[in-house]
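What follows is each chain in one-letter form.
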Amino acid sequence: EATAAAAAAAAAAEPPMYPYIANVAVRVGARRLGLGRALVEEAERTAVELGFDRLYIKVDRQNFGARRLYDRLGYEICYLQNRPPDRTNKQRQMLFLRKA
């Protein structure tokens, strides 16, 4: 009984895991044709089919084109992640987005 209670407490303490989209790329000549939207919408459908009630998107804060797409799809910023400086010593920040 004590072991089962300890296992249940440990499971309850673990944060739930959810899928997220990262590193989506569309070739320059194929942009603005709806491919990015189609990829995100398919990922959303797949997440629902797998039983998830949410999906996150991870995107570079400076990637304004992608952020515009995600905004149009109803995603909002839920977390800002500071990344270590890259080789040019530029500070990078990643955004985690979630559908409102």
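That block above? That's the structure.
Predicted model, so just to flag it, every value in this text is computed and none were measured.

Basis of the calculations
- Residues numbered from 1 in each chain as written.
- Predicted model: local features only at pLDDT ≥ 70, side-chain atom pairs only at ≥ 80, totals over all residues.
- Heavy atoms only, no water.
- Salt bridge = Lys/Arg side-chain N within 4 Å of Asp/Glu carboxyl O.
- Buried < 20%, exposed > 50% of the residue type's maximum accessible area, 1.4 Å probe, protein only.
- Pairing = 2+ DSSP bridges.
- Helix = DSSP H or I, 4+ residues; strand = E, 2+ residues; numbered from the N terminus.

Another point: the pattern of salt bridges. Taken as a whole, this structure holds 5 salt bridges when the rule is applied. Two residues, Asp-53 and Arg-54, come together in a salt bridge whose shortest N-O distance is 3.7 Å. Residue Arg-54 is classed as partly exposed on the basis of its relative accessible area of 23%.

Before going further, it helps to spend a moment on the sheet that holds strand S1 (residues 20-21). Taking strand neighbours across the sheet as the criterion, the 4 strands line up as S1-S2-S4-S3 in an open arrangement whose pairing is mixed. Each edge of the open sheet carries a strand with a single partner, namely S1 and strand S3 (75-83). One ladder, built from 8 bridges, connects S3 with strand S4 (residues 92-99); its direction is antiparallel. By the bridge assignment for S4, Tyr-79 is matched with Phe-96.

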